[in-house]
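Descriptive analysis of the structure
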Amino acid sequence: MTSATLEIHLHDEDLTAALREDARRGLTATPKSLPPKWFYDARGSELFERITQLPEYYPTRTERALLERVVGEIARTAQAEVLVELGAGSAAKTRLLLTALSTEGPLKTYVPQDVSADALRAAADEIAAEFPDLAVHGVVSDFTDTLDNLPRGGRRMIAFLGGTIGNLVPAERAEFLAGIHAVLEPGEQLLLGAGLVIDPTILVPAYDDAAGVTAEFNRNVLRVLNNRLDADFDPEKFTHIALWDAENEWIEMRLAATEAMTVTVRDLDLTVDFAAGEQMRTEISAKFRPEGFEKELATAGFATEQVWTDPDRRFALFLAERR
């Protein structure tokens, strides 16, 4: 067995610089906003794991059940020699893909990508131990701007699961898909997991659970700013809001100030005023219609080979080939 290797293109100081830029831009904008990637410090990751187990939160278990059902077909179609996984995290669902791709095809290498070196090293070492015939080569980077750091060679399939594509607004999605197209060779593939447009009475509670775990997760972005940028937010003075935007077909998560307040972000030498009731967007989670997303893939230069959905049509897996 060979041990996993790790290639680091993103360091803690890079993350801090990106956070500083995002916080300054978002807190001085009208309306205010913060990107959802800053939910995920250790506490945020733990809260999200709890969210995935809540009865209201269907996406994770729906995608996993769908993947279990069709993973053999994906593997037979893809015949990938290299699996690249963006935002790999703990690589929990990846084991299904790795097993199928090894059984049904010529898989030789697994390339997990994530922003956290510690999490990625732990996951990569576990995969290397479980799949001793695979070369495991982790890449620490931000998938939104360092796709060119992904290794080349071998017939590759890039997997982007979990519905994370929905966190990008349409212009960001177009840029992201164009970036994927640029790093793949003709004939290589992209496997995408995406939530579908469904009844808002099922959709909204998935982002506003009765136990309040999602509310704590949402407020955690303020704790990240306190801890990393020496801000003085009082998270308990912000309430969690989740609403369905029917025009854009996305869930929008916001934090609303319960009273007028002034917040200081010392590392930015910035003071930020909030009016009572003022709302700040912290996440969108776009939901898709299969035919609409196939058009987005086609615009980026991909031909959709197959679309699989669960029986309730809540989630879809798209397998597309780079033209």
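Placed above this text is the structure.
1. Description of the overall build of the chain
- Each helix and strand counted, the chain has 9 helices and 13 strands in total.
- Here the C-alpha radius of gyration of the chain, 20 Å, is about what a compact globule of 323 residues would show, namely 20 Å.
- Dimensions of the chain, computed from the C-alpha atoms along their principal axes, are close to 60 × 40 × 35 Å.
- Within the chain, the fraction of its 323 residues that count as buried is 52%.
- Pairs at least 24 apart in sequence give 73% of the contacts found in the chain among residues at least 6 apart.
- Only carbon and sulfur atoms are counted for the fraction: they give 49% of the accessible area of the chain, which is about 13900 Å².
- Here the chain carries 33 positive and 54 negative side-chain charges, and the mean point of each set is 2 Å from the other.

2. A closer look at the pattern of salt bridges
- All chains considered together, the criterion is met by 24 salt bridges.
- For E63, the salt bridge goes to K93, with nearest N and O atoms at 2.4 Å. Of this pair, E63 sits in helix α3 (residues 59-78) while K93 sits in the loop between β2 (82-85) and α4 (94-104), placing them 30 residues apart in sequence. Exposure class is identical for E63 and K93. Each is buried.

3. Notes on helix α8 (residues 213-229)
- Taking 1.5 Å per residue, 17 residues should reach 24 Å; α8 reaches 24 Å between its end C-alpha atoms and fits that length.
- Where α8 bends most, at V221, the angle is about 30°.
- By the criterion of burial, α8 is predominantly enclosed, with 15 of the 17 residues buried.
- Once α8 ends, the next one or two residues include D230, with phi positive near 55°.

4. Structural notes on the side chain of T282
- Along the chain, T282 falls in strand β11 (residues 279-286).
- In this structure the side chain of T282 is engaged in a polar contact, spanning 2.7 Å, whose partner is the side chain of N218.
- Not counting residues within four places of it along the chain, the set of residues in contact with T282 comprises L34, P35, P36, F39, N218, V221, M253, R254 and L255.

5. Some details on the packing of aromatic side chains
- This model, assessed by the stated rule, comprises 15 aromatic pairs.
- Ring centres of F39 and Y40 lie 6.3 Å apart, and the angle between their planes is 80°; this geometry places the pair in the edge-to-face category.
- Given a relative accessible area of 0%, F39 falls into the buried group.
- Ring geometry for F39 and F217: centres 4.4 Å apart, planes at 40°, overall tilted. Residue F39 is found in the loop between α1 (12-27) and α2 (42-52), and its partner F217 is found in helix α8; the two are separated by 178 residues along the sequence.
- In this structure an aromatic cluster arises from ring pairing among F39, Y40, F48, Y57, Y207 and F217.
- Sitting above the plane of the F274 ring, K32 keeps its charged end 4.8 Å from the centroid.
- Above the plane of the ring of Y58 lies R314, whose end atom (NZ or CZ) is 5.3 Å from the centre.

6. Focus on unusual backbone geometry
- In this chain, T30 is followed by P31 through a cis amide linkage whose omega measures -5°.
- Mapped onto the fold, P31 is located in the loop between α1 and α2.
- Phi at E249 takes a positive value of approximately 55°, unusual for a residue other than glycine.

7. Structural notes on the nonpolar core
- Residues L27, L97 and M157 are the most contacted members of the largest nonpolar core, which totals 76 residues.
- The contact partners of L27, leaving out residues within four places of it in the chain, are K32, S33, L34, L225, F233, V265, L270, V272 and M280.
- One finds V82, L196, A300 and A320 within the second-largest nonpolar core, a separate group that totals 32 residues.

8. Remarks on the packing of α2 against α8
- In contact at an axis separation of 9 Å, α2 and α8 are set at 165° when each is read in the N-to-C sense. Compared by their axis directions, α2 and α8 come out roughly antiparallel. In this structure, the crossing between α2 and α8 has a hand that is left-handed. The segment α2 lies against α8, with R43, G44, L47, F48, R50 and I51 engaging V213, T214, E216, F217, N220 and R223.
- Of the residues belonging to the contact of α2 with α8, the class tally is 5 nonpolar, 3 polar and 4 charged.

9. Here we look at the packing of α1 against α8
- Relative to each other, α1 and α8 sit at 120°, their axes nearing to 11 Å. Here α1 lies oblique to α8, going by the angle between them. Seen from above, α1 lies across α8 with left-handed handedness. Touching D12, L15, T16, L19, R20, A23 and L27 of α1 are V224, L225, R228 and L229, all from α8.
- Split by residue class, the contact of α1 with α8 holds 7 nonpolar, 1 polar and 3 charged.

The rules behind each value
- Residues numbered from 1 in each chain as written.
- Predicted model: local features only at pLDDT ≥ 70, side-chain atom pairs only at ≥ 80, totals over all residues.
- Heavy atoms only, no water.
- Helix = DSSP H or I, 4+ residues; strand = E, 2+ residues; numbered from the N terminus.
- Rg over C-alpha atoms; globule rule 2.2 N^0.38 Å.
- Buried < 20%, exposed > 50% of the residue type's maximum accessible area, 1.4 Å probe, protein only.
- Contact = heavy atoms within 4.5 Å.
- Areas by Shrake-Rupley, 256 points an atom, 1.4 Å probe, with all protein chains shown as cover.
- Lys, Arg positive; Asp, Glu negative; His and termini not counted.
- Charge placed at Lys NZ, Arg CZ, Asp CG, Glu CD.
- Salt bridge = Lys/Arg side-chain N within 4 Å of Asp/Glu carboxyl O.
- Expected span 1.5 Å × (residues − 1).
- Bend = angle between axes of the 7 residues up to and from the residue.
- Polar contact = N/O pair within 3.5 Å; in protein donor to acceptor, adjacent residues only side chain to side chain.
- Phe/Tyr/Trp six-rings, centres within 6.5 Å; stacked < 30°, edge-to-face > 60°.
- Lys NZ or Arg CZ within 6 Å of the ring centre and 35° of its normal.
- Core = buried A, V, L, I, M, F, W, Y, C linked by side-chain atoms within 4.5 Å.
- Axes fitted to C-alpha atoms, helices over the stretch in contact; angles between N-to-C directions.
- Parallel < 35°, antiparallel > 145°, perpendicular 65-115°, else oblique.
- Left-handed = near helix turned anticlockwise from the far one by under 90°.
- Nonpolar A, V, L, I, M, F, W, Y, C, P; charged D, E, K, R; others polar.

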